[in-house]
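A look at the structure
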Amino acid sequence: MAAQNFKHALFSAVVTLIISYPILGFNLVSEGISVQLEGADTFTLVGVFAAAVVVFLFQLFRDTIMGGLGKLPALNPMANRPPMPQRKRLKVESVLLTLMLIGALFWPFIASRGAVDLATLVLIYIMLALGLNVVVGLAGLLDLGYVAFYAVGAYSFALLSQYFGISFWFALPIGALLAALFGLVLGFPVLRLRGDYLAIVTLGFGEIIRILLNNMTNLTGGPNGIGGIPDPTLFGMEFGRRVKEEGNTSFHETFGIAYAGEHKVIFLYLIALVLAVITALVIRRLMRMPVGRAWEALREDEIAAKSLGLSRTAVKLSAFTIGAFFAGFAGTVFASKQGFISPESFVFLESAIILAIVVLGGMGSQMGVILAAIAVTILPELAREFSEYRMLIFGAAMVLMMVWRPQGLLPMRRIHIELKPQG
Amino acid sequence: MLEVKDLSMRFGGLLAVDQVSLDVKEHEIVAIIGPNGAGKTTVFNCMSGFYKPTGGKIVFEGQEIQGKPDYKISRLGLVRTFQHVRLFSKMTVVENLLVAQHRHLNTNLLSGILNTPNYREKERKSLDRAAYWLDRVGLTDMANREAGNLAYGQQRRLEIARCMVTEPKLLMLDEPAAGLNPAETKELNQLIISLKEDYNVSVVLIEHDMSLVMDISDRINVINQGRPLASGTPDEIRRNDDVIKAYLGEA
Ligand SMILES: Nc1ncnc2c1ncn2[C@@H]1O[C@H](COP(=O)(O)OP(=O)(O)O)[C@@H](O)[C@H]1O
Ligand SMILES: [Mg+2]
């Protein structure tokens, strides 16, 4: 056993060296037109060897280390508490949510412009994560191309406004419905696949959409993107300094207040807030409806569900489509917030981040997803100095999470429908 | 109402079901018996659309259904239970019954999201139907428990109730008495008879418990190693020499 561990550890260390030495240990230096290979400085070399030693030691004592990690869940004070009864839990949850909502409503008026802008982004991620949660958490479909529907929503608004001058409020439902349509059409062939295959194919679809947007230069402007996307208006009132569209009035003139850039930012934030709340409420409702139960039933026992007449394709497709719908929603808001979009905004990394939010939050749980969205979007902003290591920290957090609390921060506890005693 | 003609099912080199025929009339309880591995469950799997039979025909109410997708067959009113109980174990007992009624609740999404009176009325009706069947199988006290926490016999009854709320025409039960104690078997016995008498469903039943089979079946089909061995009334089967040799003799 020990000998085997030693052999394995030695092997891992050598592999580490073989991989990292050529990559980090040499530098290409260009002198004039010729390129020369130079050894890296001693610091890097020491680093490479230190890494190999760390890998060696870790592999040598892996059993002990992982055994120690395995004890981590026991340190979690909440682990063994019996769950609250449903009624009490619902009360606590609704009180908390109401407080959060009230806070969120008034907060932008005291916060800085940058903070409100960031909060709008958080709300967009909350919408995205709640939508993806339907697909991954509730219906159990691993979708790695979710960002495609986000892109469809954003580009629908950008193109509609560019070519037809359609305003935000009309584009919002259109963008969401178009994204849903995409979900329906893409989902139909894809949902026959299971598990890993589904993940790979959705990943592919996500990339295809992005590459299409990149290459249909005539329509989408390709990598240059689309700019000049209008801001939302409030009953025909614009938030810019000058009115751009004929027939509109301007917000600050109507109310006789001085123009301030913050108005627009706060207005967008409030729109995002309202839409995020609507998203959360609608999905909450769906979970208690027959579709929601069908998602869960199919996830729990597919054979039994089919034997009761549930069509796998129809049920899974409904989740996929509804998820896409909310991504389209979020995309429209995003386009309006940025004023400019390009395929750059819809890379695979976005799908990965949204998925990470869902997994961190606890699959299927809304409260968890909201908290995780806040954490994942804001923490990197707070720790800008570490931004180079963002992905590293992200990965480490995911691994720790899987060991410590695989069910997510706040695992889902669904609201059960209760049968009241008769009479 | 149901006619199975020369049904065959081959798995690679194994002919698990070989030319089995079977018919079920309205208001009838038909049993399939045979030793383990005889191919009984496979016949059920073909009838319920889980397998596409390699030969033969299955006609239900004048419609050929062999090879149709499982969920469509179930919607025609041909619903089954499983040899190894398959409940949605993380859902509550009453939710198990609600899932099964998705077609009665087939309203559009919007009316559900807006919680319209029409939607609420439908949901109340399906809760009532669930409550009725829970009472019928004696599980009312368990309604809000997780289905996975029920005792084995209760799970078996819940599975039958879950079929019944879909309002089937023909119920297929795969070894419903397996694992039940004698008292529970007796209750089951009465339940199955009442399904036929009071709710007008026909029943096809796979069962090893001979006393149950002989008691409640109108007709019995015996299969052995995938092939039909005999069929007839319980009395005829009891007296059939082949059956005694192949099956009852062993037991
Ligand atoms: N999916 C399958 N693939 C291969 N062989 C199967 C499959 N299902 C059943 N069989 C075989 O068919 C035969 C009949 O099985 P089954 O119908 O379960 O018998 P019974 O229900 O009468 O005990 C067995 O030999 C079994 O191994
Ligand atoms: Mg069997």
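Up top you'll find the structure we're talking about.
Presented here is an overview of the structure given in this document. (Residues numbered from 1 in each chain as written. Chains lettered and ligands numbered in written order. Predicted model: local features only at pLDDT ≥ 70, side-chain atom pairs only at ≥ 80, totals over all residues. Heavy atoms only, no water.)

So, the environment of Phe 106 of chain A
Assignment of secondary structure puts Phe 106 of chain A in helix H4 (residues 86–106). Sequence spacing of Phe 106 of chain A and Leu 270 of chain A is 164 residues, and the spatial spacing of their C-alpha atoms is 9.8 Å. (Helix = DSSP H or I, 4+ residues; strand = E, 2+ residues; numbered from the N terminus.)

A word on the sheet that holds strand E7 (residues 170–174) of chain B
Residues and elements named next belong to chain B. Strand order across the open sheet formed by six strands is E6-E7-E8-E3-E9-E10, with mixed pairing between neighbours. Among the strands making up the open sheet, the edge pair consists of strand E6 (78–80) and strand E10 (227–232). Within the sheet, the average angular offset between the axes of one strand and its neighbour, ignoring direction, is 20°. Across four bridges, the pairing between strand E3 (residues 29–33) and strand E9 (residues 219–224) is parallel. Each residue of the ladder has a partner; that of Ile 32, found in E9, is Asn 221. Strands in contact with helix H1 (residues 40–47) are E3, E6, E7, strand E8 (202–206) and E9; relative to E8, the strand with the most contacts, it is inclined by about 145°. Its contacts with the sheet place helix H7 (residues 182–199) against E3, E7 and E8, and it is angled at close to 140° to E3. (Pairing = 2+ DSSP bridges. Axes fitted to C-alpha atoms, helices over the stretch in contact; angles between N-to-C directions. Contact = heavy atoms within 4.5 Å.)

With respect to the pairing of E10 of chain B
All names here are of chain B. Bridge count for E9 against E10 is five bridges, and the pairing is antiparallel. Its bridge partner lying in E10, Ile 223 is registered against Pro 228. Hairpin remark: E9 followed by E10, antiparallel, with two residues in the connecting loop; positive phi at Gln 225, about 50°.

So, the coordination of the magnesium ion (ligand 2)
The protein atoms donating to the magnesium ion (ligand 2) are Thr 41 of chain B (OG1) and Gln 83 of chain B (OE1), with metal-donor distances spanning 2.0 to 2.2 Å. In this pair, Thr 41 of chain B is assigned in helix H1 and Gln 83 of chain B in the loop between E6 and helix H3 (93–100), connecting sequence segments 42 residues apart. (Donors = N, O, S within 2.8 Å, 3.2 Å for Na, K, Ca; no water.)

Considering the site of ligand 1
Residues and elements named next belong to chain B. For ligand 1, the full set of nearby residues is Phe 11, Leu 14, Ala 16, Pro 35, Asn 36, Gly 37, Ala 38, Gly 39, Lys 40, Thr 41, Thr 42 and Tyr 51. One of the side-chain nitrogen or oxygen atoms of Tyr 51 is found 3.0 Å away from a nitrogen atom of ligand 1. Here ligand 1 loses 63% of its free accessible area of 560 Å² to cover by the protein chains. Among the elements that take part in the shell around ligand 1, H1 stands out by supplying three residues, more than any other. For the shell around ligand 1, the class distribution of residues is six nonpolar, five polar and one charged. (Near = heavy atom within 4 Å. Polar contact = N/O pair within 3.5 Å; in protein donor to acceptor, adjacent residues only side chain to side chain. Areas by Shrake-Rupley, 256 points an atom, 1.4 Å probe, with all protein chains shown as cover. Nonpolar A, V, L, I, M, F, W, Y, C, P; charged D, E, K, R; others polar.)

Digging into the interface of chain A and chain B
Contacts between the two partners involve 29 residues from chain A, matched on the other side by 36 residues from chain B. For the pair chain A and chain B, the two sides together bury roughly 3000 Å², of which 64% comes from carbon and sulfur. Our count for the contact surface shared by chain A and chain B stands at two salt bridges. Residues Arg 86 of chain B and Asp 301 of chain A are paired through a salt bridge, measuring 2.7 Å at the closest nitrogen-oxygen approach. The interface formed by chain A and chain B contains 10 residue pairs in polar contact (both at pLDDT 80 or more). When contributions to the side of chain A that touches chain B are tallied by element, the ones reaching two or more residues are helix H11 (261–287), helix H12 (290–300) and helix H13 (302–307) of chain A. By residue number, the principal contributor to the side of chain A that touches chain B is H12 of chain A, which donates six residues. (Buried area = accessible area lost by both parts, 1.4 Å probe. Salt bridge = Lys/Arg side-chain N within 4 Å of Asp/Glu carboxyl O.)

Observations regarding helix H1 (residues 2–25) of chain A
Look at H1 of chain A: 32 Å from first C-alpha to last across 24 residues, which is about the 34 Å you get at 1.5 Å a residue. Here H1 of chain A has its buried residues at Asn 5, Ala 9, Ser 12, Ala 13, Thr 16, Ser 20 and Gly 25 of chain A. (Expected span 1.5 Å × (residues − 1). Buried < 20%, exposed > 50% of the residue type's maximum accessible area, 1.4 Å probe, protein only.)

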